[in-house]
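Residue-level structural notes
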Amino acid sequence: MLDAAKAALRKAVRPVTFSGAGLSAESGIPTFREAQTGLWAMYDPMALASPEGFATDPELVVGWYNERRRNVASAQPNAAHCAMAGRQDIVHVTQNVDNLLERAGANDVVHLHGSLDRDKCSGGCGHREDIDLANPLPLRPCPLCGHWMRPDVVWFGEQLPRVGWLRADQLAAEADVFVVIGTSAQVYPAAGLIATARRADAIVIEVNIEPGATPGIQLTGPAGRIVPELLSL
Ligand code: APR
């Protein structure tokens with residue numbers, strides 16, 4: 001299977017990767033659906049990552065994201081991030097909100113669900129501020145309009161950033177090889193990119209520790225071991 005996948009990638013003209021939380025798991029970033037640990041064990045992540053959760057308790061939600069920010073700041077890119085960053089000929093589309101691909105040197109990453117290293121005004125005035133992940137800022141009002149500032153990430157029930165989505169959808173529709181890395185492919189519209197690639201007759205390669213989420217060439221095992229083998233030239 002690995003040889004078939006490598007052969008397909010060698011012939012690829014428009015290869016694209018599409019990744020989820022499993023890509024960063026070996027860097028110590030818990031996947032979204034793993035039981036929350038420690039202080040957060042009592043909270044439902046789906047409630048925290050939602051406009052309703054933020055409206056109910058903005059300080060709690062910002063505190064949870066700031067904990068995740070510090071976790072990302074102290075994490076290191078793993079061998080999969082580094083292998084992907086080494087392939088500047090491949091566009092990387094990710095559902096992840098961490099910056100580990102960029103820290104590994106990737107310079108063209110499409111973040112479908114936003115990024116932890118930015119805050120935006122919750123009132124929609126458009127004000128944004130970069131965030132130092134190691135020293136995130138507490139809950140604070142937007143300096144322009146007074147609404148609370150919030151993480152610039154996509155919450156359940158929210159629209160994806162339009163530009164990023166349109167680009168990702170076009171990349172999937174034009175891909176000839178679509179490498180799906182570390183995602184349960186349960187959250188739409190992002191997961192729909194796989195079907196879009198398949199409709200365009202792309203060869204779909206899936207890297208996952210669990211076999212079977214996405215029909216295609218199945219490479220079962222940790223991304224940190226498989227992705228470097230797969231992407232080595
Ligand atoms: N290597 C490869 N795959 C892995 C690894 C690993 N080391 N560890 C876990 N996985 C796989 C799991 O088998 C699972 O299929 O990664 C996937 C993680 O799935 P989820 O936790 O559902 O994360 P994800 O698919 O990214 O979720 C999609 O939904 O949670 C929301 O907005 C959030 O972007 C996220 C989206």
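Everything discussed here concerns the structure shown above.
Each residue is numbered by its place in its chain's sequence as written, counting from 1. Where local features are concerned, this predicted model is filtered to residues with pLDDT of at least 70; where side-chain atom pairs are given and counted, the filter is 80 or more; whole-chain, interface and lining totals use all residues. By convention in this description, side-chain values take in all heavy atoms of the structure and omit both hydrogens and water.

This part takes up unusual backbone geometry. With the exception of glycine, most residues fall at negative phi, and the peptide bonds are largely trans. Here the residue pair Y188 and P189 is connected by a cis peptide bond, since its omega of 5 degrees sits within 30 degrees of zero. In DSSP terms, a helix is any run of H or I states spanning at least four residues, a strand is any run of E spanning at least two, and both are numbered starting from the N terminus. With respect to the element layout, P189 can be found in the loop between β7 (177-181) and α8 (192-199). Of note in the backbone geometry, A185 takes a positive phi value of approximately 50 degrees without being a glycine. Checked against the element boundaries, A185 lands in the loop between β7 and α8. The buried category is assigned to A185, whose relative accessible area is 16%. One non-glycine residue, D201, lies in the positive phi region at around 65 degrees. As for its position among the elements, D201 is in the loop between α8 and β8 (203-208). Classification of residues uses two cut-offs on accessible area relative to the type maximum, computed with a 1.4 Å probe and protein chains only: under 20% is buried, over 50% is exposed, and between them is partly exposed.

A few words on the environment of S184. Checked against the element boundaries, S184 lands in the loop between β7 and α8. With 53 residues separating them in the primary sequence, S184 and I131 have C-alpha atoms 28 Å apart.

Counting residues in each nonpolar core, the largest one holds 25 residues, and the members touching the most others are I205, V207, V227 and L230. Among the secondary structure elements, those contributing two or more residues to this core are α1 (2-11), α5 (79-85), β7, β8, β9 (217-220) and α9 (223-231). The contact rule is simple, with two residues in contact once any of their heavy atoms fall within 4.5 Å. Sequence-distant contacts of L230, defined by excluding residues within four places in its chain, comprise L2, A5, K6, L9, V179, I205, V207 and L219. To form a nonpolar core, buried Ala, Val, Leu, Ile, Met, Phe, Trp, Tyr and Cys residues must be joined to one another through side-chain atoms within 4.5 Å. Listed in part, the 23 residues of the second largest apolar core include V16, V91, V110 and A175.

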